[in-house]
Amino acid sequence: MKSLPRRLAMCEWAELADAAPRMRAALAAGGADRMSPFLFLSIPGVNAQEHRRLSEDWIRARRATSMDGRVAFAFDLGSREKIRIGYLSNDFHDHATSLLLIETFEAHDRARFEAHAFCFGADDGSAMRGRLRDAFHAFHDVAALSDAEAAQAIHDAGIDILIDLKGYTKGARTGILLLHPAPVQVNYLGYAGTLGGDLCDYLITDAHMTPGSAAADYSESFAYMPHSYQPRGRKGAIGAKPTRAEAGLPEQGFVFCCFNQAYKITPAVFDLWRRLLDEFPGSVLWLLRAEQAEGNLRGEALRRGVSPDRLIFAPDMNQVDHLGRLQLADLVLDTSPYGAHTTASDALWAGVPIVTFAGETFPSRVAGSLLHAVGMPELIAADAEEYLAIASVLASEPERLAALKTRLRQARLTAPLFDVGAYTRALEALFETMWSRRRGGLPAAAIWASVIKSF
């Protein structure tokens, strides 16, 4: 299992078929605590209940060490003019999480909330870093502190609601959450699943992501946003649209696109893409450059009877220019079981439709959540065959595809996904309910934010 993350990043799929059965055997034998929960979000066949069990085992094995010799924090639950919220992350720089959240941070009502950042990541010197510093009441650099010291800093700042933006992703410091430095703790945006145990009281979600029937698969109570759980905003500039030649694309032919990271591509998904390439001669598959995976993906294409040169790899570039080139894509294709998150949001903002099919797990449903929030649920397929059918219709009917793109351009001004003011007010309403319940001695429970319009 140790080599699996590297192999997935390289699109070497030999171990993939055995991954889920081996995980189940480890769960049964009590040895799953050495398996990163994040890894299994992208493994086909792992269900939401198993994701929770993996998270529970992972955090249980680390609890004793983190809690050794620690004293429980006491909290002031008295009335206050402003609720103090703290965001915990190492991604407060030019990173996908900050790109999604920056306008929400800036939109917080400073008369009702005092927002703090607790950063344990490096300063990249970017304009985004400076913008983030300006967005908060206070920006605390806790990178050099131990988990206990960082937890003490959060407590000393009087944080009422601590919002974790990392979960079990790379560089996370869940040891801070284990110490419970705030009266309310929230799992939000950065991790596509449950954290297990009692790390967090709430998970920010929406009705598409986690219907009420999924509650048993999550340790957190659901805090429902009215549209999508994911923010976006309207200030993100879209660069100039380059020519096809400038982007390395052929002058003719339909452009199927997926800019998800390579580890999210599975053999089953690649087989679906092959069927579309077969159906539409001259079409190409535009993927994000992944030097370790490109040779393997070209080899997989060849084995499926597809010319390797029909796979076009796009280099990394800054966000503004990336959004500009995205406009060259005709249709974005999602992956499964770990689908597009920021990449789906980018596509919709750039005016390119995305086709997805929703599974039962959190990471498989994000693109569907975003499509609901732009008023295009018809692009959410029930299964793989419907996914193919939708993509085929759009690739063969230019007028229908053009109409969708027109709707997306209009959605930039009207859709809830991009209404950051309304989104932030709804998020704050959830925070107020969380705080009210905690002050009243009530346990965490499913809560809903009302639909709010910005003016």
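Refer to the structure above for everything that follows.
Please read these numbers as outputs of a predicted model, since none were measured by experiment. (Residues numbered from 1 in each chain as written. Predicted model: local features only at pLDDT ≥ 70, side-chain atom pairs only at ≥ 80, totals over all residues. Heavy atoms only, no water.)

## Considerations on the packing of aromatic side chains
For the record, the criterion: Within 6.5 Å between ring centres, the rings of Phe, Tyr and Trp (the latter by its six-membered ring) count as paired, and their orientation is classed by plane angle as stacked under 30 degrees, edge-to-face over 60, tilted in between. Here a helix means four or more residues in a row that DSSP labels H or I, a strand means two or more in a row labelled E, and each is numbered from the N terminus. Working definition: with a 1.4 Å probe on protein chains only, accessible area under 20% of the residue-type maximum means buried, over 50% means exposed, and in between means partly exposed.
Taken as a whole and judged by the stated rule, the model has 22 aromatic pairs. Pairing Tyr87 with Phe105 gives two aromatic rings, centres 4.7 Å apart and planes at 65°, and the pair type is edge-to-face. Within this pair, whereas Tyr87 is found in strand β1 (residues 83-89), its partner Phe105 is found in helix α4 (residues 96-107), the two being separated by 18 residues in sequence. Assessed through its relative accessible area of 0%, Tyr87 is described here as buried. Ring geometry for Trp349 and Phe418: centres 4.9 Å apart, planes at 55°, overall tilted. With a gap of 69 residues between them, Trp349 in helix α11 (residues 342-350) and Phe418 in the loop between α14 (398-414) and α15 (420-439) connect regions that are remote in the sequence. For the pair formed by Trp349 and Phe418, the shared burial category is buried. One aromatic cluster in this structure is built from Tyr87, Phe92, Phe105, Phe136 and Phe139.

## A look at the nonpolar core
As a reminder, the rule being used: Remark: nonpolar core denotes a set of buried residues (Ala, Val, Leu, Ile, Met, Phe, Trp, Tyr, Cys) joined through side-chain atoms within 4.5 Å. The contact criterion used throughout is that any non-hydrogen atoms of two residues lie within 4.5 Å.
Counting 159 residues, the largest nonpolar core has Tyr87, Tyr188, Trp286 and Met434 as the members making the most contacts within it. Ranked by residues supplied to this core, first place goes to α15 with 7 residues. Not counting the four nearest positions on each side in its chain, Met434 is found in contact with Ile161, Val184, Val186, Tyr202, Ile204, Ala223 and Ile447.

## As for the side chain of Gln230
Here Gln230 is to be found in the loop between β7 (221-225) and β8 (255-258). Accessibility expressed as a relative area gives 1% for Gln230, which makes it buried.

## Observations regarding the sheet that holds strand β11 (residues 331-333)
Cut-off, in case you're wondering: By definition, two strands form a pair when at least two bridges between them are found by DSSP. With axes taken as lines fitted to C-alpha atoms, and helix axes fitted only over the stretch in contact, angles between N-to-C directions fall between 0 and 180 degrees.
Pairing in this open sheet of 6 strands is parallel, and the strands run β10-β9-β8-β11-β12-β13 from one edge to the other. Of all the strands in the sheet, just β10 (311-314) and β13 (380-381) have a single pairing partner and so form its edges. Contacting β9 (284-288) and β10, helix α9 (residues 291-303) crosses the sheet at an angle of about 160° to β10.

## What about the pairing of β1?
What counts here: The handedness of a crossover follows from its direction of travel: if, with the strands pointing away from the viewer, the path from the first strand over the helix to the second runs clockwise, the crossover is right-handed.
Most of β1 sits out of view: 6 of its 7 residues are buried. Relative to strand β2 (residues 113-119), β1 runs parallel, the two sharing 7 bridges. Note that in β2 the partner of Gly86 across the bridge is His116. Note that the unit made of β1, α4 and β2 has a crossover that is right-handed. Where β1 meets strand β4 (residues 161-164), 4 bridges bridge the pair, whose relative direction is parallel. For Leu88, the partnering residue across the bridge sits in β4 and is Asp164.

## Thoughts on the sheet that holds strand β3 (residues 138-141)
Read across the sheet, 8 strands follow the order β3-β2-β1-β4-β5-β6-β7-β14 without closing on themselves; strand pairing throughout is parallel. Every other strand in the sheet has two partners, leaving β3 and β14 (447-448) as the edge strands with one partner each. Contacting β1, β2, β4, β5 (184-187), β6 (202-206), β7 and β14, α15 crosses the sheet at an angle of about 150° to β7.

## A look at helix α12 (residues 366-373)
Burial runs high along α12: 7 of the 8 residues are buried. For α12, the complete set of buried residues consists of Val366, Ala367, Gly368, Ser369, Leu370, Leu371 and Ala373. Elements that come into contact with the buried residues of α12 comprise β6, α11, β12 (354-357) and β13. Two residues or fewer past α12, Gly375 is found with a positive phi of approximately 75°.

## Observations concerning the environment of Glu50
We apply this condition: Under the rule applied, a polar contact is a pair of N or O atoms within 3.5 Å (in protein, one hydrogen donor and one hydrogen acceptor; residues adjacent in sequence only if both atoms are side-chain atoms).
Within the secondary structure layout, Glu50 lies in helix α3 (residues 48-67). Separated by 206 residues in sequence, Glu50 and Phe256 have C-alpha atoms that sit 33 Å apart. Those residues in contact with Glu50 that sit more than four places away from it in its chain are Met23, Arg24 and Gly45. In this structure the side chain of Glu50 is engaged in a polar contact, spanning 2.6 Å, whose partner is the side chain of Arg24.

## Comments concerning unusual backbone geometry
At the junction of Ser336 and Pro337, the peptide bond is cis and its omega measures out at 10° in the coordinates. Note on placement: Pro337 falls in the loop between β11 and α11. For Cys11, which is not glycine, the phi dihedral falls at a positive 55°. Structurally, Cys11 can be placed in the loop between α1 (4-9) and α2 (16-29). At Leu189, a residue that is not glycine, the phi angle is positive and equals roughly 70°. Inspection of the secondary structure assignment puts Leu189 in the loop between β5 and β6.

## Some details on the pattern of salt bridges
Quick note on the threshold: Note on definitions: salt bridges are taken to be side-chain nitrogens of Lys or Arg within 4 Å of carboxyl oxygens of Asp or Glu.
Tallying each qualifying case throughout the model produces 29 salt bridges. Two residues, Glu300 and Arg304, come together in a salt bridge whose shortest N-O distance is 2.6 Å. Classification of Glu300 as buried rests on a relative accessible area of 14%. If you follow the salt bridges from partner to partner, you end up with Asp109, Arg112, Arg425, Glu428 and Glu432 in one network.

## Focus: empty space enclosed by the protein
Worth spelling out the cut-off: Buried and open spaces are told apart on a 1 Å grid over the protein atoms alone, a cavity being a set of points where a 1.4 Å probe fits but cannot get out and a pocket being an open set with protein on both sides within 12 Å along at least five of seven lines. Residues with an atom within 4 Å of a point are the lining residues. Grid points are joined across faces, edges and corners, and a volume is the space filled by probe spheres set on the points. Three residue categories are used. Nonpolar comprises Ala, Val, Leu, Ile, Met, Phe, Trp, Tyr, Cys and Pro, charged comprises Asp, Glu, Lys and Arg, and polar comprises the others, including Gly.
In this structure the tally under the stated criterion is 4 cavities of 30 Å³ or more. By volume, the largest cavity is sized at about 60 Å³. At the level of secondary structure, the elements contributing two or more residues to the lining of the largest cavity comprise β8, α10 (319-326), β11 and α11. At 3 residues, the largest contribution of residues to the lining of the largest cavity is made by α11. Among the residues forming the lining of the largest cavity, the class breakdown is 10 nonpolar, 3 polar and no charged. Estimates place the volume of the second largest cavity at around 40 Å³. In terms of lining residues, the second largest cavity is bounded by Leu41, Ala48, His51, Ala192, Gly193, Thr194, Asp217, Tyr218, Thr361, Phe362 and Pro363. Among the residues forming the lining of the second largest cavity, the class breakdown is 6 nonpolar, 4 polar and 1 charged.

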